[in-house]
Amino acid sequence: MPVLTIDGQTVEVEKGKTLLDAAKELNIEIPTLCHHWAVPEAGACRICVVEIKAGGRPGLVPACSYPAEDGLVIETYSDRVVQSRRMTLALMINRAPRAGVIMELAEQYQLPSIPLKSPPHSTSDGHTPEDTAEPCDTDLCIMCGLCVRVCREVIGPEATCFSGRGIEREIATPYKQLSDVCIGCGACAFVCPTGAIDPAQFSPNPLASIPHEFNAQLGDRRPIHIPYAQAVPLVPVIDTENCIHFQTDGCGACSKICPANAIDYEIKDREQDLNVGAIVLTGGFDAFDAARKSEYGFGRYPNVLTAMQFERILSASGPTEGHLARPSDHKKPNRIAWIQCVGSRDAACGNTYCSSVCCMYATKEAIVAKEHEADVEATIFYIDLRAFGKGFESFYNRAKEEHSVRYVRSQVSSIKETPAGNNLILRYVAEGNSKGLVEEEFDMVVLSVGLEAQATTAEMAAIAGVNCNQFGFAESQPFLQPLSNREGVFLSGAVSGPKDIPETVMQSSAAAAKVGELLAPVRGTEVKVSEYPPERDVTGEEPRIGVFVCHCGINISSVVNVTEVSEYIRSLPNVVYTEHTIFTCSQDTQERMKEVIKEHNLNRVIVASCTPRTHEPLFQETMRQAGLNKCLFEMADIREQCSWVHKDNPVAATAKAKDLVRGSVGKSRLLEPIQFRKVGVTKAALVVGGGISGMTAALALGKQGFKVCLVEKTGELGGNLRTLKTSMEGYDWQEFLKETIEQVKAQPEIDIVLNSEIDEVTGFVGNFTTKLKGESTAEFKHGVILLATGADEYQPQAFEYGQSDRVVTQRELAAERIDDNYDGKTVVMIQCVGSRDKEHPYCSRVCCGTAVKNALDIKTRHPSANVYILYREIRTYEFKELYYRKARELGVKFIHFPDEAYPNVSGNGSGMLVTVRDTVLDRDIDLKADLVVLSAGIIPNTVSNRRLSEMMKAALNEDNFFMEAHVKLRPVDFANEGIFVCGLAHSPKYTEENVTQALAAAGRAAVILSKEALEVGGVVSHVDPDKCATCLTCVRECIYEAPFVNADGKAEIEEAKCQGCGNCAAACPAEAIQLRTFTDRQERALFMSMLREEVPAGVGPE
Amino acid sequence: MKNEPTIIAFCCHYCAFTAADLAGTMRKQYPTNIRIVRIPCTGKVSENMVLQAFVEGADGVMVAGCEIGSCHFIQGNVRAVKRVAHAKKLLEETGVNPDRLEFYHVAASQGPLFATTSAEFTERIKQLNAGGKASADTTSAETPQETVHDSSRT
C-alpha cells in the first residue's frame, strides 16, 4: 500500500485513495467546495489544491482527485498553496458575491477586500418571464458543476448543464425551459456548496411537501424518513407513494449513495400463512377529524389545532422541539383555550358516546403548557369534567388550585378569527343566566378531539368474524371485555371502545389470560431454545481485551478518525487486539468476532460504536456463542455521544472518542463473569378475597392448570356483587355470579378457604409461604399473590340518612326498593355523597352510571314518576353516555349544583324536602321527594388494607387503596415482584372492569407460574459480610425488600427480589454492598481512565 | 488551568442516558466536554463517587436522572437529589465551588434538553474555571479561593 508524507506526517493508505482521503486519515483539514463523496471527482473548483514537494512532479494539484501515490511528499498549507487558494477565492467572490461559504473562506485566508469589478448579476427587469427557467441564483453560483455532475453521474437524467461561454457561462436547463427530464429529486440542491439551487424554479415536478404524520401534520418530512424518534426498528423507511423511484422508476439516488448497500427496491409485501390458536385484535382508534366541526375553523384558522397537534408542539422531539409556539407567527401564545367534546357526546357528528380520555388529556396539556411557559393562561371549556379514573380527581384539583387552570362550564358555539394577528374570538354562554352570551379572545385554540373506531377496524373485524357496534368499535361480550362474539378471537384496547391507558393495558393482560386458558395444553410446545457452547472459565486469567471500533458506514467515521482511535487503543494496557470495521453489527463481523475471540484468546470484548441500549444484546449474544460470559462485554458509544453531537469538531470528537474507549478499557479490565441462578417456581397462587374479582382471577389460573388457594374472610363467596341485580346494559349479574361460584367450586385446582385471613407471608416471587388464621390455620406454598380484597359502600353521615326510611343509598334502592310502585311519585338522587369531598377526595367512578341506571329502571316502568338527579358532574364515560342521553330523553331531570353547596334534605310531613342550588337558573329550588337516594361512594377497607400492605410490602395510596407499580403502564403489578392487585381494592370500578382487571392480574401472574424456574442474579447487589456492620441502612433503603439480616447477623441480598438499581450500594456507609458490573471499583476505573490520559495502574485487576 | 474542562455526567439508563441517545439521533450539537457514565439509576450515585470524580480531575459533575415521579426504580432519583445536595455541602467544605456539581431531571424524550443542559453546564464550568484562575492570581482574594483539584492531573 502507498506510503506518503503530508505536512511532515507519514501515512499509509489503500491503493486508489486520493490525497484528500490520506489527509483525512491524519486529521488534516483541506477546504473543499466541488467535492462530494458520492459524486465522481472533477477537481473543478481548485480550492483543495496542495503542493507536491517531492516524490512526484512538483507543483500544485487538486487533493480531491489526485491519487495518493507512494513516496509523495505533500504540503497542504505552503505559501504557494495559500497564494493559490487566495487567488481562487478572489475570483469566486467576483463571480458569486453573496455566497456565505466563500466569504467565510475569504476571511479565513485573510483575503484583502477586493473591489467588485462588476455589480452583482441581476436580470434587467427584476423578474424572469414565466416560461423560462432559472435553476440557479447566479449571485451564489461558483460554477463548480457539482450539481451537473450529480445529476448526470449519480441520478442520471442530465436535467441541468452548463450553457453559454465566457462571462455568460451559467448553470441552466436546456433552452432555459422547464426541464421535463427533471424528476425533482433535489440532489442538485442538496450537494450545491453555496446553496444556489432551488429546484422549484426549473422543475415541473418539484418535491411536494409531505405532511409529517407523526407530528399530526405539523411540519413536513422526506419520502425517506424515520417515522419517529422512538420507532422500532429505528431505521428509515421509503414512502413508496411519494418516492420518485417507485413512482417513475427514475432517481435511485439513495441506493447509489448508501454505503452499506442497504437499499433494495425489489422487496415486496408478502402474504404469509400463520397457524395460530388464538387471535387478539388490538387495532386502536383514530382521532376525530376536527374539520368535520366546521364552526371551530380547523383547517381555516392556523392557530386552531387539535389536541394531538398540541401534544406534538409540547414534545421535545416534536416540530418545535418543545417550544410553545403557534403556527401562524411562531410566537408564544399567552391565552390558550381548550374546547372539549369535539366529536364526542355529539349527535350532530354521530358520536353520541363519550371518548373517556379528553378531559384528562386537556388538563394534562394545560398543566404542561404552564410548565413550559408559566405566564400562559389556560382555559378549558367543558360540559362535564370527567376525572373519573384513579388519581384523576386530585390531578384535576391540582390543575385548578396549583396551576390556576380556568375551567368554564360552557359549550363554545363558534370561533371567528380576528382581522389582524390570527387571534381567535370564542363565543359562548357564560354560566348562570345573568351573564348571557359573551365573546372572549384567545391566541390559540386546542380542540379536544374524540376517539373514533379506526377506519380499518371494520375490515379487520369482518375478516376475524367479529361483530362491531353502531359506532364501528368491536363489540365485547357482556361482563367479559376481552371476549368477542367469536371463540378464540379476543379484543384489547381501544379497538373495543375509547379508553385510557390503564384500561387498555388491563384489557390486554386480560386477553392474554384468556388466551392462556385456551392454549394452556400446548404451552411451550413451539418454543425454540438457543444452544450455546459451554462457557470458558476465565478466572485468574490476565485480561486480554479485544476492541472493535465501528465506522457505522460514515456515521462515525465522517467525524471521528476511527483509524486513529483504533491505533491509539492498541497502546493501552491489556488490549491485545483492535480493529476498525465498517459495520460492527453486521452478520459477517459477528462471525469474525467469534473467530477473533478464539484466535487471540480474548477474555474481554469492547465494541466502540453506538448506544448499548440497542446493540448490547446483539454483541452479548455473540459473546455467548463464542463461549464467553456475556458480562465480560463492554460498550463505548462514539456515535450518539460523539460523532452525531460533535459533527463540527472532528478533532475534539476524535479525542473524546479516545477518552470514551479508554474508559471502557479501564472498566473492562475489572469485569467479572456473572452467573445466573435458577430458582424453581411453586406453581400455585394465593388469591385473597372471594368476591367476583378474586373468583375470576382464581378461575382463570385454575383453568390454566395452576393450583389456587382462594381465601375469603367471610363465610360466603360473592362479595359486593351479591347486592347488584343487573348491569347498566341490562345483563343479569346474579346469573353471572351464580355461574362463577359454581365454576369455582367445580374447578379441581381451586381450594376454597372460608372464614379465614392471612396471618403471615414469607418468601419472594416464585416461592412464597403463607400461614392462614381463622377457621383454617393451614400453611400454603405458592409462587404468586393476588390481592382482591374489595371495598365497601360509604355510609352517609348526613341528608337524614338513617333518620328517615325515605332516605336510602343507591345500593339499598337497587337491592330492596327498586320494585316499589313509583307511579306519580318523586325520587330525588344526590350524587357525590362520600366522594370528591374533604374526607374522600377521589371520585368513586360508578355512582353516576348507577344513578342513571336506577333512574332509567324507575322511569321506564313508571313513566309518571318524577326522577331528579342532582349532580356536580355527570361522569358517564364511554358507551355509558348513551344511557345518560336516554335518561334525559325519557324525562329524568338533571340539576347541576355547585361543588361547595350540597343540597339540603329535611323531613317534610310524610315526605322529604330537598333544597338545591341550580347553577343554570342561578337560584335555589325546592323539591318535595317521596324518596331520596344517596349515591354513596366506594371506600377502601382501610384497616385490612393497611394490615395486608404491611405484611406484603404492597404500597397504599393516600386514599388507602392499593398502589400499583405504575398508574398507566403496570396497573395490576406491585413494585414487589410476584404480587398483583385487582378489583375494588385497587380503586372504585364497575363490575365488568373489575372482572377485566382480575383477568389481567391472572394473566400477569401466569407469566411467572408458567415458568419452571426464574433466573435470578445477574446485575444485582451483593454484600461483603466482612464489611457489613448490620446498620440496616440497606434494609430501610430498598423498596423491594431485598436485603435481610441472615443467620450470621449480616445483611444479605435476596437476589430474587433485587431489581439491580444499586440504591443500597450508594447508601451503604461501609461500602459493603456492590452492584455487579457497576461496582465502585469498576465505575471508578471507568471515569478515572476517561479523565486521565492513561488507564491508571492503581485500578488494575486485583 | 485548562481551557477545555472535562465534565463527568452520571446518567441513569432509563431517562437521561436515553435522552443523550435521542440528542444524538436528533443531531443536537453540544460541547465535547461531556463524558457520560451510565448507571442503572441515579440513586446508585453516592456522595463518595461524586467527590472521587472531582479528585480524579473532573472540572464538573452532572448527575442526570428521571423526572420526579417517573423513576424506573420508583424513588431512586429522589434519593439522588438529596445526595447531590449533601455532596454540594461537602464540596463547599473542601473549598470547591458547589456549583461545579448539579442534578438535572431529563426525561427519556428530552433529547434537546440534554443537549442544552450539557451546553449550559459546560459554559458554567468554563466560567468557574476562568474565575478560579482570576482569584488565584490576586493575593487579596476577596472571593473564596477554590483549591481546585488539579493535583492529580498530569
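Residues numbered from 1 in each chain as written. Chains lettered and ligands numbered in written order. Predicted model: local features only at pLDDT ≥ 70, side-chain atom pairs only at ≥ 80, totals over all residues.

A. Looking closely at the overall build of chain A. When helices and strands are counted, chain A shows 27 helices and 51 strands. The principal-axis extent of the C-alpha atoms belonging to chain A is close to 120 × 85 × 55 Å. Classification of the 1102 residues of chain A by burial places 46% in the buried group. Within chain A, counting contacts between residues at least 6 apart in sequence, those at least 24 apart form 66% of the total. (Helix = DSSP H or I, 4+ residues; strand = E, 2+ residues; numbered from the N terminus. Buried ≥ 20, exposed ≤ 12 C-beta atoms within 10 Å, placed from the backbone. Contact = placed C-beta atoms within 7 Å.)

B. Structural view of the interface of chain B and chain A. The interface is formed by 44 residues belonging to chain B together with 43 residues belonging to chain A. If you list the elements that add at least two residues to the side of chain B that touches chain A, you get α1 (16–25), β2 (34–39), α2 (47–55), α3 (76–93) and α4 (111–137) of chain B. With 7 residues, the single largest contributor to the side of chain B that touches chain A is α1(B). Classifying every residue of the side of chain B that touches chain A gives 20 nonpolar, 16 polar and 8 charged. (Nonpolar A, V, L, I, M, F, W, Y, C, P; charged D, E, K, R; others polar.)

C. Highlighting unusual backbone geometry. Residues and elements named next belong to chain A. Phi at phenylalanine 799 takes a positive value of approximately 55°, unusual for a residue other than glycine. Tracing the sequence through the fold places phenylalanine 799 in the loop between β36 (791–793) and β37 (807–809). A positive phi angle, close to 55°, is found at lysine 953, a residue other than glycine. Along the chain, lysine 953 turns up in the loop between α23 (942–952) and β46 (979–981).

D. Fine view of the sheet that holds strand β3 (residues 60–65) of chain B. Residue and element names in this part refer to chain B. With parallel pairing, the 4 strands of this open sheet are ordered in space as β2-β1-β3-β4. Looking at the sheet topology across the chains shown, the edges are occupied by β2 and β4 (101–105). Averaged over all neighbouring strand pairs, the angle between strand axes comes to 20°, with direction disregarded. Relative to β2, strand β1 (residues 7–12) is paired through 6 bridges, and the arrangement is parallel. For cysteine 11, the partnering residue across the bridge sits in β2 and is arginine 38. α3 rests against β3 and β4 of the sheet, and its axis sits at about 165° to β4. (Pairing = 2+ DSSP bridges. Axes fitted to C-alpha atoms, helices over the stretch in contact; angles between N-to-C directions.)

E. Summary view of the environment of A:Val833. Residue and element names in this part refer to chain A. Among the secondary structure elements, valine 833 is positioned in strand β38 (residues 826–833). You can call valine 833 buried: it has 26 C-beta atoms within 10 Å. In this structure the C-alpha to C-alpha distance between valine 833 and serine 935, which are 102 residues apart in sequence, comes to 5.7 Å. Among all residues touching valine 833, those that are not within four sequence positions of it are Tyr794, Pro796, Phe799, Leu934, Ser935, Ala936 and Gly937.

F. Molecular detail of the domain arrangement of chain A. Residue and element names in this part refer to chain A. Looking at the assigned domains, one finds that chain A contains domain 1 (3–108), domain 2 (285–453), domain 3 (545–672), domain 4 (680–790 + 941–1014), domain 5 (793–938) and domain 6 (1018–1097). One C-alpha centre belongs to domain 4, the other to domain 6, and the line joining them spans 35 Å. The residue inventory of the side of domain 4 that touches domain 6, partitioned by class, reads 4 nonpolar, 2 polar and 2 charged. (Domains from an automatic or database assignment.)

G. Quick peek at the nonpolar core. Residue and element names in this part refer to chain A. Ranked by size, the top nonpolar core spans 301 residues in total, and within it Leu786 and Val932 carry the most contacts. In terms of residue count, the dominant contributor to this core is helix α24 (residues 991–1009) (10 residues). Excluding residues that lie within four positions of it along the chain, leucine 786 makes contacts with Ala685, Val687, Val688, Ala697, Phe980, Cys982, Ala1001 and Ala1005. Listed in part, the 59 residues of the second largest apolar core include Val11, Ala22, Ile30 and Ala172. (Core = buried A, V, L, I, M, F, W, Y, C linked by C-beta atoms within 7 Å.)

H. Region of interest: the sheet that holds strand β21 (residues 444–449) of chain A. All names here are of chain A. The parallel open sheet is built from 5 strands, whose spatial order is β14-β21-β15-β16-β17. One side of each edge strand has no neighbouring strand; the edge strands of this open sheet are β14 (304–306) and β17 (406–409). The mean inter-strand angle of the sheet, taken between neighbouring strand axes irrespective of direction, is 25°. Pairing between β14 and β21: 3 bridges, direction parallel. Its bridge partner lying in β21, threonine 306 is registered against leucine 447. Sheet strands in contact with helix α9 (residues 358–372) are β15 (335–342), β16 (377–382) and β21, and its direction is about 170° off that of β16.

I. Expanded view of the environment of A:Arg888. Residue and element names in this part refer to chain A. On the secondary structure map, arginine 888 appears in helix α22 (residues 881–889). Here arginine 888 falls in the partly exposed class, since 15 other C-beta atoms lie within 10 Å of it. C-alpha of arginine 888 to C-alpha of leucine 856: the two residues are 32 residues apart in sequence and 9.3 Å apart in space.

J. Examining α9(A) more closely. All names here are of chain A. Here α9 is 15 residues long and its end C-alpha atoms lie 21 Å apart, about the 21 Å a rise of 1.5 Å per residue gives. Residues of α9 that are buried: Cys358, Cys359, Met360, Ala362, Thr363, Glu365, Ala366, Ala369 and Lys370. Elements in contact with the buried residues of α9: α8 (307–314), β15, β16, α10 (392–401) and β21. (Expected span 1.5 Å × (residues − 1).)

K. Region of interest: the packing of helix α18 (residues 692–703) of chain A against helix α19 (residues 733–746) of chain A. Residue and element names in this part refer to chain A. In the contact formed by α18 and α19, the axes pass within 10 Å of each other and the chain directions differ by 45°. Looking at the two axes, α18 sits oblique to α19. In this structure, the crossing between α18 and α19 has a hand that is left-handed. Between α18 and α19, the residues in contact are Ile692, Met695, Thr696, Ala698 and Leu699 and Leu737, Thr740, Ile741, Gln743 and Val744, respectively. The class makeup of the residues in the contact of α18 with α19 is 7 nonpolar, 3 polar and no charged. (Parallel < 35°, antiparallel > 145°, perpendicular 65-115°, else oblique. Left-handed = near helix turned anticlockwise from the far one by under 90°.)

L. Fine view of α2(B). Looking only at α2(B), the buried set comprises B:Met49, B:Val50, B:Ala53 and B:Phe54. Viewed along the axis of α2(B), the buried residues span an arc of 145°, placing them on a single side of the element. Along its buried surface, α2(B) packs onto α27 (1080–1091) of chain A together with β1, β3, α3 and β4 of chain B. Looking one or two residues past α2(B), B:Gly57 carries a phi angle of roughly 115°, positive in sign. (Arc of directions from axis to C-beta.)

M. Main features of the environment of A:Leu813. Residue and element names in this part refer to chain A. Among the secondary structure elements, leucine 813 is positioned in helix α20 (residues 810–817). In this structure the C-alpha to C-alpha distance between leucine 813 and leucine 786, which are 27 residues apart in sequence, comes to 32 Å. The residues contacting leucine 813, other than those within four sequence positions of it, are Val808, Ile818, Asn854 and Val933.

N. Representation of the confidence of the model for chain B within the structure. Residues and elements named next belong to chain B. Across chain B, pLDDT averages 85, with 83% of residues at or above 70. A low-confidence stretch, residues 133–145 stays under pLDDT 50, and its non-local contacts, those more than four residues away or across chains, total 6 contacts. Overall, residues 147–154 carries pLDDT values under 50, and its contacts beyond four positions in sequence, including any with other chains, amount to 12 contacts. Model confidence for the complex: the whole-complex pTM is 0.81, and ipTM, which rates the interface, is 0.89. (pLDDT = per-residue confidence, 0-100.)

O. Seen up close, the pairing of strand β26 (residues 604–609) of chain A. Residue and element names in this part refer to chain A. Where burial is concerned, most of β26 is hidden: 6 out of the 6 residues are buried. Across the two faces of β26 the burial is the same, with Arg604, Ile606 and Ala608 and Val605, Val607 and Ser609 all buried. Pairing analysis gives 5 bridges linking strand β24 (residues 545–550) to β26, with the strands arranged parallel. Looking across to β26, one finds that valine 547 is bridged to isoleucine 606. Bridge count between β26 and strand β27 (residues 633–637): 5 bridges; the pairing is parallel. Bridge pairing links isoleucine 606 to glutamate 634 in β27. For the segment spanning β26, helix α15 (residues 612–625) and β27, crossover handedness is right-handed. (Right-handed = clockwise from strand over helix to strand, strands pointing away.)

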